Amino acid sequence: MLTLTDVSVAYDGVMAVEAVSLDVPDGSILAVLGPSGCGKSTLLRAIAGLEPLTSGDISFDGRGVDRLPTHKRGFALMFQDGQLFAHMTVARNVGYALRLRRRPSTARVAELLSLVGLEGYADRLPTTLSGGERQRVALARALAVEPRLLLLDEPLSALDSGLRERLAVDLRKILHAAGTTALMVTHDHDEAFQVADQLAVMREGRVVQSGVIDEVWSAPVDEETALFLGYARVLSGSAAATVLAAVESDGTSPSSPSTPSSPTVAAAQGQARALTGGSASLAVRRSALVADRHGPLFGAVESARVTPEVLRLVVEVRDVGLVDAVAARDSHWGPGETVRLSVDPTRIALIGADLPRV
Amino acid sequence: MRRWLTLALLATGPVLVVGVFFVLPVSGMVARGFWPDGAFEPRGVLEVLTRPRVARVAWFTVWTAGAATVISVILGLPAAFVLHRLALPGRRVIRAALLVPFVLPTVVVGVAFRLLLGEAGPLGFLGLDGTPVAIVAGLVFFNIAVVIRAVGAAWESLDPRPGEAAAALGASPAQVWWTVTLPALRPAIVSAASIVFLFCATAFGIVLTLGGVRYATIETEIYLLTTTLFDLQAAAALSVLQLVVVIALLGLAARLRAVPDATAARSAARPRRIRSGDVPALVITVVVLALVAAPIATLVVGSFRTDAGWSLTNYRALTGVGSNDALLVPVTEALLTSVRTAVDATWMALLMGLAVAVLVTRRSQTRSERRVRGVLDGFFMLPLGVSAVTLGFGFLITLDRPPVDLRDSALLVPIAQALVALPLVVRTLVPVLAGIDDRQRQAAASLGASPLRALVTVDLPVVWKPLLAASGFAFAASLGEFGATSFLARDDNPTVPVVIFRLIGHPGELNFGMALAASVVLAGTTAVVMLAVERLRVPSVGAF
């Protein structure tokens, strides 16, 4: 288990990482999510031993590693752009760490290449590979000697979106198959969700929230975090109360798969009344409101836009204001029309309320 | 069609100049060997090449140049690392100081080494004066700066992340060096080494002053054969030999230097803090600095010494012609001549170099166009490898009759010096121009900029500093040029290096003292120019 205790890193007196404490249990994947410049890459480099700590401790399985140079830590680092060695073939890249340990093995290289789905690429040069292939090779290279911790620096963000999604799924599968403990930093919440099981949200050098990914997701600590986690809008006061009341009155709406007894809904409903007039707020995703003939909310369609999966609406809802909503792909809504909406309780989250947190 | 027209227009000037003032003299020199009496007679050349002395001279050239190259690289690499990668206080000044030897007049360095290693010198006890070791040391002194600059520049812009990736995979610092850093630096090292070998193999002034008659390289042998023995056929034969070897070497260097993508984005790493593991490299750097400083220090100290103790006598004597009328004109006048000549040579080299650099870096649209540009690139590098002595002598025998009669022209010396400086200018400008992404110009054009306007918007802001640096280089190189100038400068209108050589050839303590003082003045002038160049912070300065 990787343990960070009050880790701080400063560049020329400017704090890039401030008092970060995190645990990464064996076999789990932690995503450090944050906007660019929040210090997440610096944190990663500090764990790898590429940046000296200003204060704090990093230990692995209870043993401090701060004083170890990078190559003795046993943490493999995978860069955003792979950083393959251009003068070596794919096989030599993958086998690099094996050769360093004087146990080269073509069988192991072949096994790794097939793990990342690149059989037959052994003799290619990195320059002839596509971005996705390069990342796969980099992953195979990092996994070659079964590092006790794999550090991933925005492993997928250099790729185009379709490829990113596919590779994210593969990455998770490969990491779980290898039982690798991993820490990845990313600015893309989708990427974090697809790959990781633990999440730490970082802002301005500090970790503002961390925990199991679903829990963080369903209970963002503040408005900024909520927006960063992909929530479209944050409602407060009576607007939030109106939406929550709609959940309460319509917990069994056909469009919401969850039962009223699910913890999210129960918690939300429990807070509903307290919210009226309170200072807590409610984060809603773009698809939290669904067009529904029996829905409790009424609104006027401002605009509608067709996407490959759903019809996306912007609706002026009575007592709430402008919100995003979705309708079936084949339905037709035009500006000015009145629409009834129900609330999908799995797509909203309370902020700042005293929710039980892990 | 328009592209070809522009290409031809840009190429005409430099090609004509290099053709008339380089190809013509050199081929004239070569023709002397093969057509001794107007009839083709290659046997004479072959006979010369089979002489035992020629074989000895050739071998001596190769091994001294080889040894000097190896030593320069071995000492230069750690110094390049320390000065370009570590946060060493004052590293900028040290880098500038190390650049000075490279442009010091060869004669000055010869004098400094003789003073250092001579019987009365501080290192006289080593008994190295007049030995091949002294020659190799002199060559290393000159060329170590080339290695440090060229490799250092590459090292500075080397992306540190592959090394970090290797370290994260478990590679120790030594393993990172062998498996990642060295392969990445190899093109820079090979190209620096081949250039250093080239410089060493064609070194003239340093070998002539340190080796005397006993130890001769091909270059000094050509000089000896033409000026003392008047054996033009043998001299021509050696010139041909040298030309062939140099062209082969340049071709090889170009091939080894070829890097797939020169414009690839490279991130300059921040210099890192010094660690305990850097101590060996630091020690070697200090040794290098000492090696470079010792001859210069000896020279400066010597210039202030006379029999009567410390004095400025040697400097005061510079206004005179030396004892026993060693000179025809006072040294101060020679200094004026030197500066005037260098100014002329600089604008000539700059004008030509700029045209050549633009010419060879413009993106080619067709394969044939690219080939033409490649050939031109190599063509303009030729003066780099051809011995200045051959060039100077070629000037004498070919440019003395119509259509080009420059025997008495004041431009003869500047032209020769400009040709010698041309490769320096081109090599300073080409990497910078090649580094400009062509899409920048396309973006400018798409916004409505004419080609000229695009040049002003995109190229000029990037290129003006390197241009200044290149003029500094050209100026310094021309100030110290000795090989060609020794042939071409008239006795009543010599440059300072020629005067210094005359002074050390004449007996008399005052003459030697004056040579030292003149050397210090010349070295000081060059150093000031180089320090100004360094302040421009052009990353590729001196990177060939």
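The preceding data block contains the structure.
Report on the accompanying structure.

Rules used throughout
Residues numbered from 1 in each chain as written. Chains lettered and ligands numbered in written order. Predicted model: local features only at pLDDT ≥ 70, side-chain atom pairs only at ≥ 80, totals over all residues. Heavy atoms only, no water. Helix = DSSP H or I, 4+ residues; strand = E, 2+ residues; numbered from the N terminus. Buried < 20%, exposed > 50% of the residue type's maximum accessible area, 1.4 Å probe, protein only. Contact = heavy atoms within 4.5 Å. Buried area = accessible area lost by both parts, 1.4 Å probe. Salt bridge = Lys/Arg side-chain N within 4 Å of Asp/Glu carboxyl O. Polar contact = N/O pair within 3.5 Å; in protein donor to acceptor, adjacent residues only side chain to side chain. Nonpolar A, V, L, I, M, F, W, Y, C, P; charged D, E, K, R; others polar. Pairing = 2+ DSSP bridges. Axes fitted to C-alpha atoms, helices over the stretch in contact; angles between N-to-C directions. Patch = residues over 30% accessible without salt bridge, like charges linked within 9 Å, V, L, I, M, F, W, Y side chains within 5 Å. Areas by Shrake-Rupley, 256 points an atom, 1.4 Å probe, with all protein chains shown as cover. Parallel < 35°, antiparallel > 145°, perpendicular 65-115°, else oblique. Left-handed = near helix turned anticlockwise from the far one by under 90°. 1 Å grid on protein atoms, 1.4 Å probe; cavity = no way out; pocket = protein on both sides within 12 Å on 5 of 7 lines; lining within 4 Å. Points joined across faces, edges and corners; volume = space filled by probe spheres on them. Core = buried A, V, L, I, M, F, W, Y, C linked by side-chain atoms within 4.5 Å.

### What to know about the overall build of chain A
- Scanning chain A from terminus to terminus reveals 12 helices and 18 strands.
- Looking at chain A as a whole, 51% of its 358 residues qualify as buried.
- Taking the contacts inside chain A whose residues are at least 6 apart along the sequence as the reference set, 68% of them involve residues at least 24 apart.

### Some thoughts on the interface of chain A and chain B
- Between chain A and chain B, the residue contacts involve 22 residues of the former and 19 residues of the latter.
- Three residues stand out in chain A for area buried against chain B, namely A:H71, A:Y96 and A:L100, and they jointly supply 30% of the buried area on that side.
- Joining chain A to chain B, the criterion identifies 2 salt bridges.
- Notably, a salt bridge pairs B:R161 with A:D81, separated by 3.6 Å at the nearest N-O pair.
- For the pair chain A and chain B, the interface holds 5 residue pairs in polar contact (both at pLDDT 80 or more).
- Listed by contribution, the elements that provide at least two residues to the side of chain A that touches chain B are α2 (70-73), β6 (75-78), α4 (96-100) and α6 (131-143) of chain A.
- For the side of chain A that touches chain B, the residue count by class is 13 nonpolar, 4 polar and 5 charged.

### Description of the sheet that holds β6(A)
Residue and element names in this part refer to chain A.
- Sheet architecture is open: 6 strands sit in the order β6-β7-β8-β3-β9-β10, paired in mixed fashion. Edge positions in the sheet fall to β6 and β10 (206-212), since each of these pairs with one other strand and no more. Each strand of the sheet is rotated relative to its neighbour by a mean of 15°, with strand direction disregarded.
- Strand direction decides the pairing type here: strand β9 (residues 198-203) and β10, joined by 6 bridges, are antiparallel. Within β10, the residue paired with V201 across the bridge is Q209.

### A word on a nonpolar patch on the surface
All names here are of chain B.
- Together, V279, V283, V287 and L291 make up a nonpolar patch on the protein surface, roughly 330 Å² of accessible area in all.
- By the element assignment, V283 lies in helix α12 (residues 279-303).
- Given a relative accessible area of 48%, V283 falls into the partly exposed group.

### What about the packing of helix α21 (residues 496-505) of chain B against helix α22 (residues 509-535) of chain B?
Residues and elements named next belong to chain B.
- One way to put it is that α21 packs onto α22 with a least axis distance of 8 Å and a crossing angle of 155°. Considering their axes alone, α21 and α22 lie roughly antiparallel with respect to each other. The hand of the α21/α22 crossing is left-handed. Across the interface between the two elements, V496, P497, I500, L503 and I504 of α21 pack against N511, F512, M514, A515, A518, S519 and L522 of α22.
- Among the residues making up the contact of α21 with α22, the classes are represented as 10 nonpolar, 2 polar and no charged.

### Focus on empty space enclosed by the protein
Residue and element names in this part refer to chain B.
- For the coordinates displayed, the defined rule picks out 6 cavities of 30 Å³ or more.
- In this structure, the largest cavity encloses a volume near 650 Å³.
- Lining of the largest cavity is provided by 28 residues; of these, F102, T106, F199, V420 and E481 occupy positions nearest its centre.
- When contributions to the lining of the largest cavity are tallied by element, the ones reaching two or more residues are α4 (91-103), α6 (132-156), α9 (205-211), α15 (367-385), α17 (412-435) and α19 (451-480).
- A class-by-class count of the residues in the lining of the largest cavity yields 19 nonpolar, 7 polar and 2 charged.

### Digging into the pairing of strand β16 (residues 321-327) of chain A
Residues and elements named next belong to chain A.
- Most of β16 sits out of view: 6 of its 7 residues are buried.
- Summarising the sheet, strand β13 (residues 289-291) and β16 pair through 2 bridges and their orientation is parallel. Residue V290 lies in a different strand from β16, and its bridge partner there is V326.
- Pairing analysis gives 7 bridges linking strand β15 (residues 311-317) to β16, with the strands arranged antiparallel. Of the residues in β16, the one forming a bridge with L311 is A327.
- The antiparallel hairpin formed by β15 and β16 contains 3 residues in its connecting segment, where D319 sits at a positive phi of about 70°.

### A look at the pairing of strand β2 (residues 14-24) of chain A
Residue and element names in this part refer to chain A.
- As paired elements, strand β1 (residues 2-11) and β2 share 7 bridges and run antiparallel to each other. If you follow T3 over to β2, its bridge partner there is D23.
- Linking β1 to β2, which pair antiparallel, is a turn of 2 residues; within it D12 sits at a positive phi near 45°.

### Comments concerning the sheet that holds strand β5 (residues 63-64) of chain A
All names here are of chain A.
- Ordered by their spatial adjacency, 4 strands build an open sheet running β2-β1-β4-β5, and the pairing between neighbours is antiparallel. With partners counted over all chains shown, the strands left at the sheet margins are β2 and β5, one partner each.
- Where helix α1 (residues 40-48) meets the sheet, its contacts fall on β1, β2 and β4 (55-60), and the angle it forms with β1 comes to roughly 115°.

### With respect to the nonpolar core
- B:V151, B:F395, B:L419 and B:I500 are the most contacted members of the largest nonpolar core, which has 172 residues in total.
- The residues contacting B:F395, other than those within four sequence positions of it, are B:F21, B:P25, B:D400, B:L412, B:I415, B:A416, B:L419 and B:L488.
- Formed by 60 residues, the second largest nonpolar core is a distinct cluster that contains A:L118, A:L175, A:A283 and B:A167.

### Brief notes about the pattern of salt bridges
- Scanning all chains against the criterion turns up 17 salt bridges over all chains.
- Its salt-bridge partner being B:R161, residue B:D159 comes within 2.8 Å of it at the nearest N-O pair.
- Judged by its relative accessible area of 22%, B:D159 falls in the partly exposed class.
- Residue classification places B:R161 among the partly exposed positions, given a relative accessible area of 27%.
- Each of the salt bridges in this network shares a partner with another, and the network as a whole consists of A:R45, A:E51 and B:E164.

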